[in-house]
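Here's the letter readout for the chains.
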Amino acid sequence: NAGVTQTPKFQVLKTGQSMTLQCAQDMNHNSMYWYRQDPGMGLRLIYYSASEGTTDKGEVPNGYNVSRLNKREFSLRLESAAPSQTSVYFCASIPQGDTEAFFGQGTRLTVV
Amino acid sequence: GENVEQHPSTLSVQEGDSAVIKCTYSDSASNYFPWYKQELGKRPQLIIDIRSNVGEKKDQRIAVTLNKTAKHFSLHITETQPEDSAVYFCAAGDQGGKLIFGQGTELSVKP
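Residues numbered from 1 in each chain as written. Chains lettered and ligands numbered in written order. Predicted model: local features only at pLDDT ≥ 70, side-chain atom pairs only at ≥ 80, totals over all residues. Heavy atoms only, no water.

### Description of the overall build of chain B
Line of reasoning, step 1. Looking only at helices and strands, chain B has 0 helices and 11 strands in total.
Line of reasoning, step 2. The order of α-helices and β-strands along chain B, N terminus first, is β-β-β-β-β-β-β-β-β-β-β.
Line of reasoning, step 3. Partitioning the contacts of chain B with sequence separation of at least 6, the portion at a separation of at least 24 is 53%.
Line of reasoning, step 4. As displayed, chain B offers around 5,500 Å² of accessible surface, 46% of which is attributable to carbon and sulfur atoms.
Line of reasoning, step 5. Positive and negative side-chain charges in chain B, numbering 12 and 14 respectively, have mean positions lying 3 Å apart. (Helix = DSSP H or I, 4+ residues; strand = E, 2+ residues; numbered from the N terminus. Contact = heavy atoms within 4.5 Å. Areas by Shrake-Rupley, 256 points an atom, 1.4 Å probe, with all protein chains shown as cover. Lys, Arg positive; Asp, Glu negative; His and termini not counted. Charge placed at Lys NZ, Arg CZ, Asp CG, Glu CD.)

Okay, here's the thing in structure tokens:
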């Protein structure tokens, strides 16, 4: 099992460009998450999908959209990147609500 | 909205001493409280968790306590070692699947 796989690992965007961060898990988990990590601010929840076919906003959803393509895949889209979206993005998955979250290796995104 | 506050933001201890990190949460629906350790450049990994029907849980040198009435929970690390140096995150989750993290504590254990 590969666990949680994120692509790409690194990305540099210009302000106004769009891109999609991909996340896939092969553990048959129900719930999937997108977090951003900034120095001193911990892991902030952007969006989550408690089950296939549902998505919900987290703490910082503005400027992002998500798609739960199927049970395995949960993508995060930046329609018009801004420098404030420079961050490390982590995808995570959980078998069910109150169990361990498994994280991907992270995507380091820089918007110039 | 839901919020998890974590203190302190940095903590420095001597090897062999104990370290305590505290968190408070705001959402009464929270019923799951995990702690994650993140080493530099790596992904967060679960070290211990506690559910709302339990007040305390211990795993070797690590223990967590939960006070649901006061909405706070704590991580205790005893006999700290240099390899315990990392960033530690608390989190609060509910049955709907929402999982909110604290701001993190950078623990430094000096030999």
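Still more ground to cover, so stick around.
### Brief notes about the sheet that holds strand E7 (residues 62–67) of chain B
Residue and element names in this part refer to chain B.
Line of reasoning, step 1. What the 5 strands build is an open sheet, ordered E1-E3-E8-E7-E6; its pairing is antiparallel. The sheet is open, and its two edges are formed by strand E1 (4–7) and strand E6 (56–59), each paired on a single side. Here the strands of the sheet are splayed against their neighbours by 15° on average, with no regard to which way each runs. (Pairing = 2+ DSSP bridges. Axes fitted to C-alpha atoms, helices over the stretch in contact; angles between N-to-C directions.)

### Examining the interface of chain A and chain B
Line of reasoning, step 1. Chain A puts 23 residues into the contact, and the matching count from chain B is 18 residues.
Line of reasoning, step 2. Taking both sides of the interface into account, the surface hidden between chain A and chain B amounts to around 1,800 Å²; carbon and sulfur atoms contribute 56%.
Line of reasoning, step 3. Three residues stand out in chain A for area buried against chain B, namely Leu43(A), Asp98(A) and Phe103(A), and they jointly supply 29% of the buried area on that side.
Line of reasoning, step 4. Viewed at the interface, chain B and chain A are joined by 0 salt bridges.
Line of reasoning, step 5. On inspection of chain A and its partner chain B, the count reaches 7 residue pairs in polar contact (both at pLDDT 80 or more). (Buried area = accessible area lost by both parts, 1.4 Å probe. Salt bridge = Lys/Arg side-chain N within 4 Å of Asp/Glu carboxyl O. Polar contact = N/O pair within 3.5 Å; in protein donor to acceptor, adjacent residues only side chain to side chain.)

Interpretation note: all reported values are geometric properties and have no functional meaning in isolation.
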